[in-house]
Amino acid sequence: MFNKAKPAEHADKVLMLDARHVFRKVTRKVYDFSPEQLANLTSIFWLYRGQEERFRALVGQYLDTAMLGLWDEEPNVRPFIDALDDIIDGLPDDEELSAARAVFEGDWDAHVAAVTVLGDPWIDGVHDLPALHERLANLGPLVEQSRDLVKQMDLLFKLTEKGAPWRRHR
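Parameters and conventions
Residues numbered from 1 in each chain as written. Predicted model: local features only at pLDDT ≥ 70, side-chain atom pairs only at ≥ 80, totals over all residues. Heavy atoms only, no water. Helix = DSSP H or I, 4+ residues; strand = E, 2+ residues; numbered from the N terminus. Buried < 20%, exposed > 50% of the residue type's maximum accessible area, 1.4 Å probe, protein only. Polar contact = N/O pair within 3.5 Å; in protein donor to acceptor, adjacent residues only side chain to side chain. Contact = heavy atoms within 4.5 Å. Axes fitted to C-alpha atoms, helices over the stretch in contact; angles between N-to-C directions. Parallel < 35°, antiparallel > 145°, perpendicular 65-115°, else oblique. Left-handed = near helix turned anticlockwise from the far one by under 90°. Nonpolar A, V, L, I, M, F, W, Y, C, P; charged D, E, K, R; others polar.

Sorry if this is basic, but what is going on with the side chain of S146 here?
Structurally, S146 is set in helix 5 (residues 129-163). On the basis of relative accessible area, S146 is assigned to the buried category, the value being 13%. Among the polar contacts listed, one links the side chain of S146 to the side chain of H111, at a separation of 3.4 Å. Setting aside residues no more than four positions away along its own chain, S146 makes contact with L70, E73 and H111.

And the structure:
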């Protein structure tokens, strides 16, 4: 049964995966695989069977999704910045908040410029290894910048909340 339709190089071999720690908790009693986890586990079989092109296509899809996410940041962050500026205008002067806002603006502008330099989102079906490595190298720092910007946005929120008059009178 285990040898059914195996190529000769895998005869007398069994691929076993320990996926005990790969799951998501749906409810208190139900655990399953997310679509991404299932795709990643399936890709191990593809590699085992020598289907590298399918694996590279999956990696390319992940990188394309990350790039689209970076391109979608601008329209999602701009309303936050506008709302933040409106709130700051209504607060008493706070040097810490002003400094944090200035740092965020500089970092945000640098991030948008770096994403813009990469050009339009890819989604071009290119799955050769050098192109995937280049895309990963380009995306890595931008993803880190995105995480840092989220932390800065959280800090700005906390600083605005701290300086809000409705919080001081409680």
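Next comes the rest of the account.
Hey, could you run me through the packing of helix 3 (residues 73-89) against helix 4 (residues 95-118) in this one?
For any two helices packed against each other, one specifies the crossing angle of their axes together with the interaxial distance. Between helix 3 and helix 4, the shortest axis-to-axis distance is 12 Å and the interhelical angle comes to 160 degrees. The pairing of helix 3 with helix 4 is recorded here as roughly antiparallel in orientation. Crossing hand, helix 3 versus helix 4: left-handed. For the pair helix 3 and helix 4, contact is made by E73, E74, V77, R78, I81, L84, D85 and I88 and by L97, R101, F104, W108, H111 and V112, respectively. Residue composition of the contact of helix 3 with helix 4, grouped by class: 8 nonpolar, 1 polar and 5 charged.

Just distances and angles here, no functional claims.
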